[in-house]
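# Notes for the structure review
So you can see what is in the structure, the chains are spelled out below.
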Amino acid sequence: QVQLVESGGGLVQAGGSLTLSCAASGSIFRIDVMGWYRQAPGKQRELVAIIRSDDSTKYGDSVKGRFTISRDNAKNTVNLRMNSLKPEDTAVYYCNAINSLASTYWGQGTQITVSS
């Protein structure tokens, strides 16, 4: 089983930057995909960014050009650099991981609040 520990959430002014990190531990199986999803009040959970084991990435349309995802496979860690933050980025951000058996794991979520 995989445990995901998130860090880096907080309050930032519009136009600022934050970096989220998520570390996976506890699995004997390789983590194939890691990424971030977010959910704002009254909204569906949506894709922010994912990165696969081959380092290919996918970004949600609303964050393209502003956010950058990266991973350190040796450390089972994924990072999300968020630039040019907007108030509409305010949400709870959840780390996600999928292992080689296609099991999906979620972090507890970390709050990002972007003030105008």
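Check the entry above for the structure.
Below is a summary of the structure that appears in this document. Note that the structure is predicted; figures quoted are calculated from it, not measured. (Residues numbered from 1 in each chain as written. Predicted model: local features only at pLDDT ≥ 70, side-chain atom pairs only at ≥ 80, totals over all residues. Heavy atoms only, no water.)

## Side note on the nonpolar core
The tendency in soluble globular proteins is for nonpolar side chains to be buried side by side. Our working rule: Take the buried Ala, Val, Leu, Ile, Met, Phe, Trp, Tyr and Cys residues and link them wherever side-chain atoms come within 4.5 Å; each set so joined is a nonpolar core. Buried means the residue's accessible area, taken with a 1.4 Å probe over protein chains only, is under 20% of the maximum for its type, while exposed means over 50%, and partly exposed covers the values in between. Residues count as neighbours in contact if any of their non-hydrogen atoms are within 4.5 Å of one another.
Membership of the largest hydrophobic core comes to 28 residues, with the highest contact counts inside it found for W36, L80, M82 and Y93. Excluding anything up to four places from it in sequence, Y93 contacts E6, L20, W36, Y37, R38, V48, F67, M82, G109, T110 and I112.

## Looking at the side chain of D32
Heads up, the rule is: We count a stretch as a helix when DSSP gives it H or I for four or more residues in a row; a strand needs E for two or more, and each element gets its number in order from the N terminus. Any pair of N or O atoms that falls within 3.5 Å is considered a polar contact. Within protein, one atom must be able to donate a hydrogen and the other to accept it, and sequence-neighbouring residues count only if both atoms are side-chain atoms.
Tracing the backbone through its elements, the reader meets D32 in strand β4 (residues 31–39). Taking the relative accessible area as the measure of exposure, D32 reaches 17% and is therefore buried. At 2.8 Å, the side chain of D32 forms a polar contact with the side chain of R30. With residues near it in sequence (within four places) discarded, D32 still touches I51, R52, S53, R71, I98, N99 and S100.

## Some details on the sheet that holds strand β1 (residues 3–7)
The strands making up a sheet associate through backbone hydrogen bonding, with each pair oriented either parallel or antiparallel. As a reminder of what qualifies: Being paired, for any two strands, means DSSP has found at least two bridges between them. Axis angles are defined between N-to-C directions and span 0 to 180 degrees, where every axis is a line fitted to C-alpha atoms and, for a helix, only to the segment in contact.
Pairing is antiparallel across the open sheet formed by four strands, whose spatial order is β1-β3-β8-β7. Because the sheet does not close on itself, it has two edges, and the strands there are β1 and β7 (67–72). Adjacent strand axes in the sheet meet at a mean angle of 15°, parallel and antiparallel pairs treated alike. Relative to strand β8 (residues 77–82), β7 is paired through six bridges, and the arrangement is antiparallel. Paired with I69 across the strands is L80, a residue of β8.

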